[in-house]
Amino acid sequence: MRESSQDVTVVALLADPDAPTEIARHMARVLPARLADKAGEGRRFDVKVVSEPFTAGTEDLATLMHRIMDRTRAEDWDVVVALTDLPLHSHGHKLVVELSHEHGVALLSLPSLGGLRLRRRALRAVEEAVLSLAAPRAAGEEEPSRPRSLGRFASRLAPIHPGPIGEGEIADLRYVVSGPGGYLRVLGGMVRANQPWRLVPGLSKALAAALATGAVATVNSTLWSLSEALSTPRLVIAMVGSVALMIGWLIVDAHLWHRSKDASPEERKRTTLYNASTVVTLGIGVIVCYAGLMVVNLVWALFILNDKVFASMTRTPLHATEYWTLSWFVASIATVGGALGSGLESDEAIRAAAFSKREQERRRMRTDDHDDQPAT
């Protein structure tokens with residue numbers, strides 16, 4: 001690592017585009033003061049944010065660390081912490097962060113921090129990583145034989161714990177997550193990185209079909225009678241079935257299901273994780289769409305329905321319960337219409353709505369690798 005001038009340590013946050021860059025820019029506003037306060041001894045920190053796709057085309061840790069090191073050599077940086085929203089793996093575990101004190105670099109996989117309080121957890125992780133990497137120079141000593149652990153970081157973010165490091169690896173300190181709690185944490189982080197709420201504006205043709213279906217269904221007298229005859233359990237079944245149909249149709253139509261490249265246990269676990277994140281991401285997005293359809297249908301019903309006509313057809317007065325039941329049932333029908341309408345969307349549009357850019361690139365890379373494999 002370079003010697004800092006005038007007791008100023010230059011820290012670069014090398015971030016993948018989109019969410020990692022946004023998180024890095026948020027950190028850069030508060031990180032210098034926090035680092036200076038905890039480092040003491042008059043140390044000052046200059047934090048820079050560099051947004052570039054350093055993970056493009058690979059998930060291999062050694063390759064990524066070499067890229068970070070090469071980028072560091074080309075700049076006047078003392079410490080580099082790279083942030084990505086891709087889930088990374090090491091020796092069968094899901095990586096959180098790994099550091100090389102010799103080279104002054106660290107790599108942080110944001111999904112392993114979970115989907116809740118991500119910015120706070122990421123800030124704490126980066127803060128601890130920088131303090132650990134800058135500690136030798138802050139003390140004015142040579143590199144220690146045993147790197148400083150991130151005890152505070154790990155203890156607050158269980159099930160995070162130190163991970164194994166193979167002989168000849170660049171990293172000298174690594175933290176991973178494991179077990180069911182770690183799996184759920186990574187899954188939540190992957191879903192957050194995909195930003196499932198983007199599915200709503202991203203599927204414009206499907207939503208148009210759903211809204212048109214709902215508008216027509218609301219004025220259909222046969223559906224009035226059906227909604228009155230259906231019990232709450234049947235309405236729940238209709239809702240769950242329509243949401244499941246929409247999710248399944250999107251997965252099949254846009255080829256979103258991830259397939260293993262080989263039959264190794266690690267690859268199967270990774271495939272399961274990717275597919276689970278796809279289902280949860282689409283599930284959240286479709287449920288948001290369903291709730292929106294219920295509201296739109298309710299407003300439309302309040303505007304268009306006539307209580308005398310409704311009572312003459314169903315022999316039931318039109319009260320708040322009838323409005324709610326009809327809107328609920330029509331939302332299920334409209335969701336099925338939206339599933340059919342999603343067939344008008346291109347595969348690229350659906351992937352763009354369902355996944356982050358890093359995840360889209362990763363899936364394209366794996367699809368290309370699968371297509372390039374010779375047939376057996």
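Residues numbered from 1 in each chain as written. Predicted model: local features only at pLDDT ≥ 70, side-chain atom pairs only at ≥ 80, totals over all residues. Heavy atoms only, no water.

Draft legend 1. Fine view of unusual backbone geometry. Unusually for a residue other than glycine, His91 sits at a positive phi of about 50°. Position of His91 among the secondary structure elements: in the loop between strand 4 (89–90) and strand 5 (93–100). For His91, a relative accessible area of 47% gives the class partly exposed. At Arg315, a position not held by glycine, the phi torsion is positive, near 60°. Along the chain, the position of Arg315 falls in the loop between helix 11 (307–314) and helix 12 (320–341). Accessibility expressed as a relative area gives 80% for Arg315, which makes it exposed. (Helix = DSSP H or I, 4+ residues; strand = E, 2+ residues; numbered from the N terminus. Buried < 20%, exposed > 50% of the residue type's maximum accessible area, 1.4 Å probe, protein only.)

Draft legend 2. Local environment of the UniProt feature "transmembrane region" (unreviewed entry) in the protein. UniProt marks residues 206–226, 232–252, 273–303 and 323–341 with the feature "transmembrane region" (unreviewed entry), using the numbering shown here. In this annotation, residues 232–252 is assigned 100% helix and 0% strand; the end-to-end C-alpha distance for the span is 30 Å. This span, residues 273–303, is 100% helix and 0% strand, and a straight line between its end C-alpha atoms measures 45 Å. (UniProt positions renumbered as here; feature names shortened; annotations may be inferred.)

Draft legend 3. Region of the structure containing the nonpolar core. Membership of the largest hydrophobic core comes to 41 residues, with the highest contact counts inside it found for Leu13, Leu83, Leu108 and Val126. Here the element with the most residues in this core is helix 3 (residues 118–138); it accounts for 10 residues. (Core = buried A, V, L, I, M, F, W, Y, C linked by side-chain atoms within 4.5 Å.)

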